[in-house]
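Residue-level structural notes
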Amino acid sequence: MGETMTTREKIGKASQAMKKLGIGEEKVKPVLKRLLKLYGNMWEYIEEDNYRTLADAIFECEDDENGERKEEHPFKKQNRGNGEDKMLSKQKGKSIVCKEELDLDLGDNGNQVVPHEGKPVDHSPKGAHSSNICSGSVNPSCNEATVAVKSEQKRVFCTVEDITRGTEKVKISLVDEIGNEKLPHFVYFNENVTYEAAHVHISLARIADEDCCSDCKGNCLSSRLPCACAGSTGGEYAYTTEGLLTEHFLNKCIPMESRDKKHAVYCNDCPLERAKNSDLPGKCKGHVLKKFIKECWRKCGCDMECGNRVVQRGITRKLQVFMTSKGKGWGVRALEELPQGAFVCEYVGEILTNMELYERNTQSAADNKKHVYPVLLDADWSTEENLKDEEALCLDATNCGNVARFINHRCEDANLTDIPVQVETPDRHYYHIAFFTKRKVDALEELTWDYRIDFTDKGHPIKAFRCRCGSDFCRGKRRRR
């Protein structure tokens, strides 16, 4: 009952604020309802700056001067420049029709992408996704996405209700509150796909008894002794009964992110250097040593609700893609508070060989195309003396991927950590890259992770971006000095 009264009080305050602008309660409530849906009931967005967001939305949904129904018109904007309450003249732009594939330009913090073939390269930041406030021109295949152009500032307020198109268990909205002229463009995949030559061999026959717990029943975490799958974490489960990483395991993983050489491993014949020059490969620059998690899988006797199955169950947290205000392009934030050790999402993309990646990136650079910074599956490279090209794999989310492709880089003190997770194969050439929170993350706080970029590597086919992470430990900032 207390929560209901609090909500009523907030609605009352919003109505009083709008009343001072001459807006009646009958106009406030429907727009407020849509805004709350858009922002996941986050009142902070609506209340800030004396309810400016609410006022703008109401004025944009006003009837035009011909008195037609408000739902049939693009947004309008209140003229605040001279303090007058009159409306601007009807904007001339029409809503941009969006497509099932989203054209995404992810900004200056590494997540740059290549437009599809035949599309002009557009270096401006682009649109976002959530639910509608007012109706506009809508493509039914785009989940009721709406774009509205504000003529005075040439802004686009774009919302997409679900960029996953129903492929995830939860909807992931996209919203642009700054204003841009174009919606993003990419194909949403919720699982990795093999591009061409990558050697990813998945079969039940390859999973031996020591790699699974076929005799287990129900929930492995409730058993007195850890199952065989916990062997990768030293005979202890990496997860708590609440589905979080244990503090003990997390404390072992975080120090390994350091670029200190004591946490690095070196290949005798590095596939990265071999791709650059097969005749005279350079010396390995090192790879980060990572701790693995092995989850139970289909050959195990436990069920899908087993506590040792977290990453494979997919995204469960409320996430949103948004346009950042710090020049970093698109970013990702959670619409709810996340506890320490919470699984957020995995990094999904095309599985390429390192040679395929090098050739693709070299061509992109020659064509002046943007590219998502690739993620190497190199956590176990040092254990093999000679790693074949088809076994040196990486993930590329340039053309297709999931929400993780929008997560921005932050040097050293990011709030997410990436952990290798084995699910359907014991082969460590291929694994899932899962993001977990390193600490408690507040609602609406931007999610970030350290790409571990070497800003001094001028030989990399993808030019290192200008880092704008804002961290006190920014490696890019030190490089520019």
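Placed above this text is the structure.
Now for a look at the structure at hand. Predicted, not measured: the structure shown is a model, and the values here were computed from it. Numbering of residues starts from 1 in each chain and follows the order in which that chain's sequence is written. Residues qualify for local features only when their pLDDT is at least 70, as the model is predicted, and side-chain atom pairs are given and counted only at 80 or more; totals for whole chains, interfaces and linings, by contrast, use all residues. Here the side-chain values reflect all heavy atoms present in the structure, with hydrogen atoms and water set aside.

It is worth spelling out the overall build of the protein at this point. Strands here mean DSSP runs of E at least two residues long; helices mean DSSP runs of H or I at least four residues long; both are numbered from the N terminus. For the protein, the count of helices and strands is seven helices and 19 strands. Across the 481 residues that make up the protein, the buried fraction comes to 53%. In the protein, once contacts between residues fewer than 6 apart in sequence are set aside, the share between residues at least 24 apart is 70%. Only the protein chains shown count as cover for residues, and the accessible areas themselves come from Shrake-Rupley with a 1.4 Å probe. Of the roughly 22,600 Å² of accessible surface on the protein, a fraction of 47% belongs to carbon and sulfur atoms. Remark: exposure states derive from per-residue accessible area (1.4 Å probe, protein chains only) relative to the maximum for the residue type, with buried under 20%, exposed over 50%, and partly exposed in between. The contact definition used throughout considers only heavy atoms, calling two residues in contact when any of these lie within 4.5 Å.

We now examine helix 6 (residues 354-366). With 13 residues, helix 6 extends 18 Å between its outermost C-alpha atoms, agreeing within 8% with the 18 Å of an ideal straight helix rising 1.5 Å per residue. In this structure, the buried side of helix 6 is in contact with helix 5 (271-276), strand 12 (350-353), strand 13 (375-376) and strand 14 (393-396). Helix span, expected: 1.5 Å multiplied by one less than the number of residues in the helix.

Positive phi outside glycine occurs at Arg165, with the angle close to 55°. The topology assignment puts Arg165 in the loop between strand 2 (155-160) and strand 3 (173-176). Given the relative accessible area of 33%, Arg165 is considered partly exposed. Notably, Leu444 is not glycine yet its phi reads approximately 75°, a positive angle. Relative to the helices and strands, Leu444 is located in the loop between strand 18 (432-437) and strand 19 (446-449). For Leu444, a relative accessible area of 19% corresponds to the buried category.

Relative to the helices and strands, Glu161 is located in the loop between strand 2 and strand 3. By relative accessible area, Glu161 is classed as buried at 18%. Two N or O atoms count as a polar contact when they lie within 3.5 Å, although within protein this holds only if one can serve as hydrogen donor and the other as acceptor, and sequence-adjacent residues are included solely when both atoms are side-chain atoms. Within polar-contact distance, the side chain of Glu161 engages the side chain of Lys171 at 2.7 Å.

Before going further, it helps to spend a moment on the packing of aromatic side chains. Any two of the Phe, Tyr and Trp rings considered here, Trp counted by its six-membered ring, make a pair once their centres fall within 6.5 Å; the pair's planes then place it as stacked at under 30 degrees, edge-to-face at over 60, or tilted in between. With the rule as written, the count across this model stands at eight aromatic pairs. Judged by centre distance (5.6 Å) and plane angle (55°), the rings of Phe343 and Phe436 are tilted. Placement of Phe343 in strand 11 (residues 343-346) and of Phe436 in strand 18 is noted, with a sequence separation of 93 residues between them. Across the pair, Phe436 and Phe343 agree in class, each one buried. Through pairs of rings, three or more aromatic residues link up here, namely Tyr347, Phe435, Trp449 and Tyr451.

Attention shifts here to the sheet that holds strand 5 (residues 193-194). Pairing between the strands of a sheet comes from backbone hydrogen bonds, and it takes one of two forms, parallel or antiparallel. One open sheet accounts for four strands, arranged 5-12-14-13; its pairing is mixed. Because the sheet does not close on itself, it has two edges, and the strands there are strand 5 and strand 13. Where strand 12 meets strand 14, four bridges bridge the pair, whose relative direction is antiparallel. Looking at strand 14, one finds that Ile351 is bridged to Leu395. When DSSP finds two or more bridges between a pair of strands, those strands are recorded as paired.

Now for the nonpolar core. One finds Leu319, Val321, Tyr347 and Val403 to be the most contacted residues of the largest nonpolar core, which totals 42 residues. If we ignore the near neighbours within four places in the chain, the residues touching Tyr347 are Asn192, Val372, Tyr373, Val375, Leu395, Ala397, Asn402, Ala404, Arg405, Ile433, Phe435 and Trp449. Grouped together as the second largest cluster of nonpolar side chains are 30 residues, Ile207, Cys216, Tyr237 and Ala434 included. Buried Ala, Val, Leu, Ile, Met, Phe, Trp, Tyr and Cys residues that are joined via side-chain atoms within 4.5 Å together make up what is termed a nonpolar core.

The next thing to look at is the pairing of strand 14. Of the two faces of strand 14, the one carrying Leu393 and Leu395 and the one carrying Cys394 and Asp396 are both buried. When strand 13 meets strand 14, the two strands line up antiparallel, connected through two bridges. By the bridge assignment, Val375 is partnered in strand 14 with Leu395.

With that settled, consider the sheet that holds strand 17 (residues 416-422). Strand order in the open sheet formed by four strands is 8-17-18-11, with mixed pairing between adjacent strands. In this open sheet, the two strands that pair with only one neighbour each are strand 8 (293-294) and strand 11. One ladder, built from two bridges, connects strand 8 with strand 17; its direction is parallel. Bridge pairing links Lys294 to Gln422 in strand 17.

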